[in-house]
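Descriptive analysis of the structure
Okay, here's what each chain looks like letter by letter:
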Amino acid sequence: PTTKQDFDAEALYRALLEQVRAGLADVPDAAIVGIHSGGAWLAERLAGDLDLKSRLGFIDVSFYRDDYAKKGLHPDVKPTHIGFNVDGATILLVDDVLYTGRTTRAAINVLFDYGRPACIKLAALADRGGRELPVAPDFVGVTTTLEGAQLLSLARDASGQLSLTIEEDN
Ligand code: 5GP
Ligand code: MG
């Protein structure tokens, strides 16, 4: 059977925002980088709420993922754009859902192609477990504890309101 669980994604976002606000409070030169595509609009929203729109970047890791060939991903390639100086910057890397950690690993690689950051922090709206690399979020909206195979569906309506549904096969 499949179990479905609905989350208040707006509440998760607000919780994430407050964690990030507190975590970056002492960082004068923070920058935000979203991972296409789910992390991109999340990063954009965080940058708006934190007044960091001038230090907002985007990364597409489709070609950098180590399992690119294996998964046969159909990359809907969007440009990687980093418009700030990465050297010495504290960068908040943002993704919507954290799973194996391979996307995060690839995104860190991309950032290092641009320079040497002072620090990289990781934010995700949802952590679904299943890590295959030593990656952990610094800021997270919700950590799911489901045992079976799961799929997290994250959506935005026309007004930008978030919704999150988790389906679990058990
Ligand atoms: P990872 O690379 O950590 O295995 O997977 C994370 C990436 O895949 C993120 O960019 C995320 O958007 C996507 N992803 C992985 N699992 C899910 C999921 O259950 N739901 C959604 N919406 N995205 C996922
Ligand atoms: Mg993604």
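Values in this document were obtained by computation on a predicted structure and should not be read as measured data.

The next thing to look at is the packing of aromatic side chains. As enumerated under the stated definition, the model contains zero aromatic pairs in all. Taking NZ or CZ as reference, Arg45 lies 4.1 Å from the ring centre of Tyr13, over its face. The aromatic ring of Tyr99 is capped on one face by Arg128, whose charged end is 3.7 Å from the ring centroid.

Moving on: helix H4 (residues 102–114). With 13 residues, H4 should reach 18 Å at 1.5 Å per residue; the first-to-last C-alpha distance of 19 Å fits that figure. Looking at H4, one finds that the buried residues are Thr103, Thr104, Ala106, Ala107, Val110 and Leu111. Taken around the axis of H4, the buried residues stretch over an arc of 160°, which confines them to a single face. Elements in contact with the buried residues of H4: strand S2 (30–35), strand S3 (56–59), strand S4 (90–98) and strand S5 (119–127). Once H4 ends, the next one or two residues include Gly115, with phi positive near 160°.

With respect to the helices, strands and loops of the structure, Thr100 is situated in the loop between S4 and H4. In this structure, the C-alpha to C-alpha distance between Thr100 and Pro134, residues 34 residues apart in sequence, is 9.2 Å. Contacts of Thr100, omitting those with residues within four sequence positions, involve Gly130, Arg131, Glu132 and Leu133. In terms of polar contacts, Thr100 uses its side chain to reach the backbone amide nitrogen of Arg102, at 3.2 Å.

The next point concerns the sheet that holds S2. The strand order S3-S2-S4-S5-S6 describes an open sheet built from five strands, whose pairing is parallel. With one partner strand each, in any of the chains shown, S3 and strand S6 (139–143) form the two edges of the open sheet. Recorded for the sheet is a direction-independent mean angle of 25° between the axes of neighbouring strands. In this structure, S2 lies alongside S4, joined through five bridges in parallel fashion. Residue Gly34 lies in a different strand from S4, and its bridge partner there is Val94. Here helix H1 (residues 9–23) sits on the sheet and contacts S4, S5 and S6; the angle it forms with S6, its principal contact strand, is near 150°. Along the sheet, H4 makes contact with S2, S3, S4 and S5, crossing S4 at roughly 155°.

Right, let's talk about the nonpolar core for a bit. Buried together is how nonpolar side chains tend to be arranged in soluble globular proteins. Grouped together as the largest cluster of nonpolar side chains are 30 residues, with contacts concentrated most on Val20, Ile32, Leu46, Leu92 and Val94. If you look at the next biggest cluster of nonpolar residues, it comprises 19 residues, including Val33, Ile35, Val61 and Ala124.

This part covers H1. Across its 15 residues, H1 extends 21 Å between first and last C-alpha, which sits within 8% of the 21 Å expected from 1.5 Å per residue. Buried positions along H1 lie against strand S1 (2–7), helix H2 (38–49), S4, S5, S6 and strand S8 (162–169). The opening residue of H1 is Asp8, an N-cap whose side-chain oxygen sits 3.2 Å from the backbone nitrogen of Glu10.

What counts as what
- Residues numbered from 1 in each chain as written.
- Chains lettered and ligands numbered in written order.
- Predicted model: local features only at pLDDT ≥ 70, side-chain atom pairs only at ≥ 80, totals over all residues.
- Heavy atoms only, no water.
- Phe/Tyr/Trp six-rings, centres within 6.5 Å; stacked < 30°, edge-to-face > 60°.
- Lys NZ or Arg CZ within 6 Å of the ring centre and 35° of its normal.
- Helix = DSSP H or I, 4+ residues; strand = E, 2+ residues; numbered from the N terminus.
- Expected span 1.5 Å × (residues − 1).
- Buried < 20%, exposed > 50% of the residue type's maximum accessible area, 1.4 Å probe, protein only.
- Arc of directions from axis to C-beta.
- Contact = heavy atoms within 4.5 Å.
- Polar contact = N/O pair within 3.5 Å; in protein donor to acceptor, adjacent residues only side chain to side chain.
- Pairing = 2+ DSSP bridges.
- Axes fitted to C-alpha atoms, helices over the stretch in contact; angles between N-to-C directions.
- Core = buried A, V, L, I, M, F, W, Y, C linked by side-chain atoms within 4.5 Å.

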